[in-house]
Amino acid sequence: MDMLTTLAQADLPAAMAPATLAHYLFLSAAMFAIGLIGFLTRRNLIVMFLCTELMFQAAGIALIAFSRFHMEQTGQTFVIFVLTVAAAEAALALALVVLLFRRRDSLDAEQWSEMKG
Amino acid sequence: MTEIVSPYLLFIGLLIAGIGVAVAIPRRRVNPQAIGAVIAGGGLGLVLLSLALTNPDAIPNLHFYVFGVIALGSSLRVITHPRPVYAALFFILTILSSCGLYVILAAEFLAFALVIIYAGAILITYLFVIMLATQAPSEDRIEVLAEYDVAGREPVFAVTASFVLLGALTALLFTGSATLESDAAPGDEAARSMAVMELMPGKAERLLREQGAIGKKDMVVKVHAAEGVAEVQTSEALTTVPLPEGVEPTNVELVGFDLLAEHPGTIEIAGIILLMAMVGATVLARRQSELEDEAKRRASEAIAARGGLTADAVIADTDGEAG
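Within each chain, residues carry numbers counting from 1 in the order of the written sequence. Whichever chain is written first becomes A and whichever ligand is written first becomes 1, with later ones labelled in order. pLDDT decides what is reported in this predicted model: residues at 70 or higher carry local features, side-chain atom pairs at 80 or more are listed and counted, and totals for whole chains, interfaces and linings draw on all residues regardless.

Topic: the overall build of chain B
This is how it is decided: Helix numbering and strand numbering both begin at the N terminus, where a helix is a DSSP run of H or I of at least 4 residues and a strand a DSSP run of E of at least 2. Counting other C-beta atoms within 10 Å of a residue's C-beta gives its exposure: the residue is buried at 20 or more, exposed at 12 or fewer, and partly exposed in between, where C-beta atoms are placed from the backbone. With C-beta atoms placed from the backbone, a contact is any residue pair whose C-beta atoms sit within 7 Å.
Along chain B, the regular secondary structure elements total 13 helices and three strands. Here chain B holds 323 residues, and the buried ones make up 29% of them. In chain B, once contacts between residues fewer than 6 apart in sequence are set aside, the share between residues at least 24 apart is 57%.

This is the structure we're talking about:
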């Protein structure tokens, strides 16, 4: 009964090499950067919130990769909480978007540019 | 040698990818999105190549590249597609391919949870809001798009800022990955899963009963994972039975025990966050007409106070007039 082979999903090596981890971290960082670009450039409110979800997703990949690297479950547990926050954020943000759309009949973020802090 | 070459290869790759992304962002007149996407893909490919060259012994398996390319390509399409509905659909594709990555990384439970929660629930909500909050195209010009969807704002600035951030983050990977040591000794993981196994005497009992090793009325009292035996209380005496095959904890059980044993307070906080989001969304999305009803009620109360009638009588009166 080789417990480690069972846990390491058959043909995967028991512990991930740091260089393999680097690939996943680069993928996660690139996805985060793409989400950030989208958030800064797009003017549609809904697409802007989609881009924040993209950034959440990138953080999730990094957490799962670290969880695999250190062979423990805390990273996966944290992704569950990331999912919770993403769901709460989607509910609130979309309610706000519907409210803003009713006021101006437009999803353009620039419409609200007079709201300066 | 590789440590000197790779960061420059990385920066060149990121520069090319940045130019590609800047070209691919939607703008008003000339819009060569496909060319931009190809350039961006080439740049990111160069970076992945330089990562693979840094340490050729430890490249990930082929599936990583398949899912990674789909994930990055569709996330690029999320931010460049002028129609929000298509952007949301491409985001679902991003989610599905990152689920593939989760499966490679031995996180099956979260891969399924992600498909159900993200692709199934959150994105459908997004699609509904997009359908609610987008003007229908006029009959004579079906292909017309809203101005704010076709023209990005400050693409060059945004791409520069994001790719400088990405370069700084990933340059650390090259220099720092040598010192990045996994603290997971093989023994650690085995010990942890054994500890979880000892918390599950019910599972051992069920498996032993299925395999006929113990009788119907026998009970597993305690699991000694280190010795590989289970203490069984039979009707006569306390005996030990070797643990059955397949009693090792699965991914779901490991995540579940980690969630409930290590982070019980965080679950409570997550519950409060969800409750607050639900209440907040309900309050925000409430129809304006309810406020008008409230104003009507206050006005009728004022009339009632003057005329000596009760508020309900005034409402009944006005309702009768209306009917």
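Thoughts on the overall build of chain A
Of the regular secondary structure elements, chain A holds four helices and zero strands. Counting from the amino terminus, chain A carries its helices and strands in the arrangement α-α-α-α. The burial tally for chain A puts 55% of its 117 residues in the buried class. Long-range pairs, those at least 24 residues apart, make up 48% of the contacts in chain A with a sequence separation of at least 6.

Digging into unusual backbone geometry
With phi around 60°, Ala106 of chain B is a residue other than glycine that occupies positive phi space. Mapped onto the secondary structure, Ala106 of chain B falls in the loop between α4 (84-104) and α5 (108-132).

Structural notes on the sheet that holds strand β1 (residues 219-224) of chain B
Residues and elements named next belong to chain B. Rule in force here: Pairs of strands are assigned from DSSP output, requiring at least two bridges between the strands. Interaxial angles span 0 to 180 degrees and are taken between N-to-C directions of axes, which are lines fitted to C-alpha atoms, for helices over the stretch in contact.
Reading across the sheet, the three strands line up as β1-β2-β3 and stay open at both edges, with antiparallel pairing between neighbours. What marks the edges here is a single partner per strand, and that holds for β1 and β3 (238-242). With strand direction ignored, the average angle separating the axes of adjacent strands in the sheet is 30°. For β1 and strand β2 (residues 229-233), the ladder comprises five bridges, and the chain directions are antiparallel. Bridging across to β2, Lys222 finds its partner in Glu231. Sheet contacts for helix α9 (residues 201-210): β1, β2 and β3; angle to β1, the most-contacted strand, approximately 120°.

Digging into the environment of Thr125 of chain B
Take Thr125 of chain B: it is sitting in helix α5. Not counting the four nearest positions on each side in its chain, Thr125 of chain B is found in contact with Ala90 and Leu94 of chain A.

What to know about the confidence of the model for chain A
All names here are of chain A. Our working rule: The predictor rates its confidence in each residue with pLDDT, a number between 0 and 100.
Confidence in the prediction of chain A, expressed as mean pLDDT, is 81, and 83% of residues score 70 or more. Of all helices and strands in chain A, the one with the weakest mean pLDDT is helix α1 (residues 3-7) (41), whereas helix α3 (residues 45-69) scores best (91). Taken as a whole, residues 1-13 scores under 50 in pLDDT and shows 15 contacts with residues more than four places along the chain or in a different chain.

What about the packing of helix α4 (residues 74-104) of chain A against α5 of chain B?
Threshold: Orientation categories follow fixed angle ranges, with anything under 35 degrees roughly parallel, anything over 145 roughly antiparallel, 65 to 115 roughly perpendicular, and all other angles oblique. By the convention adopted, Pro, Cys, Tyr, Trp, Phe, Met, Ile, Leu, Val and Ala count as nonpolar, Lys, Arg, Asp and Glu as charged, and the other residues, Gly among them, as polar.
Remark: α4 of chain A packs on α5 of chain B, axes separated minimally by 11 Å, with the N-to-C direction vectors making an angle of 5°. The angle between α4 of chain A and α5 of chain B places the two elements in the roughly parallel class. Note on element contacts: α5 of chain B touches α4 of chain A through Leu110, Ala113, Ile117, Ile122, Thr125, Tyr126, Val129 and Leu132 of chain B, opposite Gln76, Val79, Leu83, Ala86, Ala87, Ala90, Leu94, Val97 and Val98 of chain A. Considering only residue class, the contact of α4 of chain A with α5 of chain B consists of 15 nonpolar, two polar and no charged.

A word on the confidence of the model for chain B
Residues and elements named next belong to chain B. Mean pLDDT for chain B: 79, with 81% of residues reaching 70 or above. Ranking the elements of chain B by mean pLDDT puts helix α13 (residues 311-322) last with 55 and α4 first with 92. As scored by the predictor, the complex reaches a pTM of 0.80 and an ipTM of 0.87.

Notes on the pairing of β3 of chain B
Looking along a regular strand, one sees side chains alternate from face to face of the sheet. All names here are of chain B. In the sheet, β2 pairs with β3 via five bridges, with the strands oriented antiparallel. The partner of Glu231 across the bridge, within β3, is Thr240. Between β2 and β3, which pair antiparallel one after the other, the connecting turn spans four residues.

Let's talk about the interface of chain B and chain A
Contact with chain B, which involves 81 residues of that partner, is made by 74 residues of chain A. Counting residues per element, the side of chain B that touches chain A draws most heavily on helix α7 (residues 155-176) of chain B, which supplies 10 residues. A breakdown of the residues in the side of chain B that touches chain A according to their chemical character gives 56 nonpolar, 16 polar and nine charged.

Quick word on the packing of α4 of chain A against helix α11 (residues 264-284) of chain B
Helix packing for two helices is described by the angle between their axes and how far apart those axes are. Interaxial distance between α4 of chain A and α11 of chain B falls to 9 Å at its minimum, and their mutual angle equals 10°. Regarding the angle of α4 of chain A to α11 of chain B, the classification is roughly parallel. Between α4 of chain A and α11 of chain B, the residues in contact are Phe81, Thr84, Val85, Ala88, Ala91, Leu92, Ala95, Leu96 and Leu99 of chain A and Thr266, Ala270, Ile273, Leu274, Ala277, Met278, Gly280, Ala281 and Leu284 of chain B, respectively. Here the residues of the contact of α4 of chain A with α11 of chain B sort into 15 nonpolar, three polar and no charged.

As for the environment of Ala281 of chain B
Here Ala281 of chain B shows up in helix α11. In this structure Ala281 of chain B touches Ala91, Leu92 and Ala95 of chain A, once residues within four positions along its chain are discounted.

What about the nonpolar core?
Applicable threshold: Connectivity within a nonpolar core runs through C-beta atoms within 7 Å, and the core itself is a set of buried Ala, Val, Leu, Ile, Met, Phe, Trp, Tyr and Cys residues.
Of all hydrophobic cores here, the largest spans 91 residues; its most connected members are Ala30, Met31, Ile46 and Leu50 of chain A. Not counting residues within four places of it along the chain, the set of residues in contact with Ile46 of chain A comprises Val97 and Leu107 of chain A together with Pro84, Tyr126, Val129 and Ile130 of chain B. By size, the runner-up hydrophobic cluster in this structure holds 13 residues, among which are Val196, Met197, Ala225 and Ala230 of chain B.

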